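# Observations on chain architecture
Single-letter residue listing:
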Amino acid sequence: MPGDVPEGEAWRFGTFKDPKITQEVKFSGERRRCKHCLIYKPDRCHHCRICKSCILKMDHHCPWIMNCIGFRNHKYFFLLIIYSMLCCGFIGITVFETIVWSLEQEMPISHRFLLLLCFSTTSIMGGLLVMFAGFHTMLMLRGLTTIEFCEKMSIVTSGTCCKYDLGVYRNITAVFGPRPYLWLLPVDPPVGDGVIFGKQARHRADNDPEWLEP
Ligand SMILES: [Zn+2]
Ligand SMILES: [Zn+2]
């Protein structure tokens, strides 16, 4: 699952030991609550109407994988984009060589058509993936999710720092996990519970080495 809200009375009834466990509030100043799931929402959590569930650190609902992208699968989503992009690059380069070779060979026109179709499809798909990867990398480096970027675009573009921005390196570890040599492998998810972020998480990390090095 992309990230379920922890079960328990605290999230259902709002009986938190630490009243500052959530910082985000509604316009009215009340604690955020999901009217569909009947629970209080942790910071960065949003309800997805398609998945019918509240998703921790929700990024967006992805129609390509028919699932939400949230705290627990953000890394795998990123790896999917990166490896799909590399795949398109590999196919594009090798097919281009074959197209050049085919110009000097006798072959049915349908074969040339299929080669060109493969090259153009790969180029379009690869181009879109490069733009998509660039956009999501920019968000990751700033410590933002897609929803937060859309909600707070005016704040971001005016140069105000996002409250979940922990610096470039920590922002990357918040998505790809604490060990750089495992960043490109589908293991070693990010540390944390998907509930506490920003300065609170940093404070916890500074006091507790287990937070960054499990
Ligand atoms: Zn909900
Ligand atoms: Zn969803």
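Keep in mind that what you see is a predicted model, and the values were worked out from it rather than measured.

An ideal rise of 1.5 Å per residue puts 50 Å on 34 residues; helix α3 (residues 109-142) measures up with 50 Å between its terminal C-alpha atoms. Every buried residue belonging to α3 is among Leu-115, Thr-122, Gly-126, Leu-129, Ala-133, His-136, Leu-139 and Met-140, and all of these are buried. Directly after α3, the chain includes Gly-143, whose backbone phi takes a positive value near 70°.

What follows covers the coordination of the zinc ion (ligand 2). Looking at the zinc ion (ligand 2), one finds its protein donor set to be Cys-48 (SG), Cys-51 (SG), His-61 (ND1) and Cys-68 (SG), positioned 2.0 to 2.3 Å from the metal centre. Given four donor atoms and angles of 100 to 116° at the metal, the environment of the zinc ion (ligand 2) is assigned as tetrahedral. Residue classification places Cys-51 among the partly exposed positions, given a relative accessible area of 28%.

Okay, the UniProt feature "transmembrane region" (unreviewed entry) in the protein next. In this numbering, the UniProt entry assigns the feature "transmembrane region" (unreviewed entry) to residues 76-101 and 113-135. Strand forms 0% of residues 76-101 and helix 100%; the C-alpha atoms that close the span are 37 Å apart. As annotated, residues 113-135 comprises 100% helix and 0% strand, and the C-alpha atoms at either end are separated by 33 Å.

A word on the environment of Met-85. Note on placement: Met-85 falls in helix α2 (residues 74-102). Measuring from C-alpha to C-alpha, the distance between Met-85 and Leu-128 comes to 8.9 Å, with 43 residues separating the pair along the chain. If near-sequence neighbours (up to four positions away) are discounted, Met-85 is found in contact with Leu-129, Val-130 and Ala-133.

The next point concerns helix α6 (residues 168-176). Residues of α6 that are buried: Asn-171, Ile-172, Thr-173, Val-175 and Phe-176. Tucked into the core, α6 has its buried residues touching α2 and α3. Gly-177 occupies a position one or two residues after α6 and carries a positive phi of about 100°.

So, on to the packing of aromatic side chains. Going through the model one piece at a time under the given rule, you end up with eight aromatic pairs. For the pair Phe-78 and Phe-176, a centre-to-centre distance of 5.2 Å together with 55° between the ring planes defines the contact as tilted. One end of the pair, Phe-78, is in helix α2; the other, Phe-176, is in helix α6, with 98 residues separating them in the sequence. According to the relative accessible area criterion, Phe-78 is buried, its value standing at 3%. One aromatic cluster in this structure is built from Phe-78, Tyr-169, Phe-176 and Trp-183. Here the guanidinium or amino end of Arg-33 rests over the ring plane of Tyr-40, the centre of that ring lying 4.8 Å away.

Procedures and definitions
- Residues numbered from 1 in each chain as written.
- Chains lettered and ligands numbered in written order.
- Predicted model: local features only at pLDDT ≥ 70, side-chain atom pairs only at ≥ 80, totals over all residues.
- Heavy atoms only, no water.
- Helix = DSSP H or I, 4+ residues; strand = E, 2+ residues; numbered from the N terminus.
- Expected span 1.5 Å × (residues − 1).
- Buried < 20%, exposed > 50% of the residue type's maximum accessible area, 1.4 Å probe, protein only.
- Donors = N, O, S within 2.8 Å, 3.2 Å for Na, K, Ca; no water.
- Tetrahedral: all angles 85-135°; square planar, octahedral: opposite > 155°, others 65-115°.
- UniProt positions renumbered as here; feature names shortened; annotations may be inferred.
- Contact = heavy atoms within 4.5 Å.
- Phe/Tyr/Trp six-rings, centres within 6.5 Å; stacked < 30°, edge-to-face > 60°.
- Lys NZ or Arg CZ within 6 Å of the ring centre and 35° of its normal.

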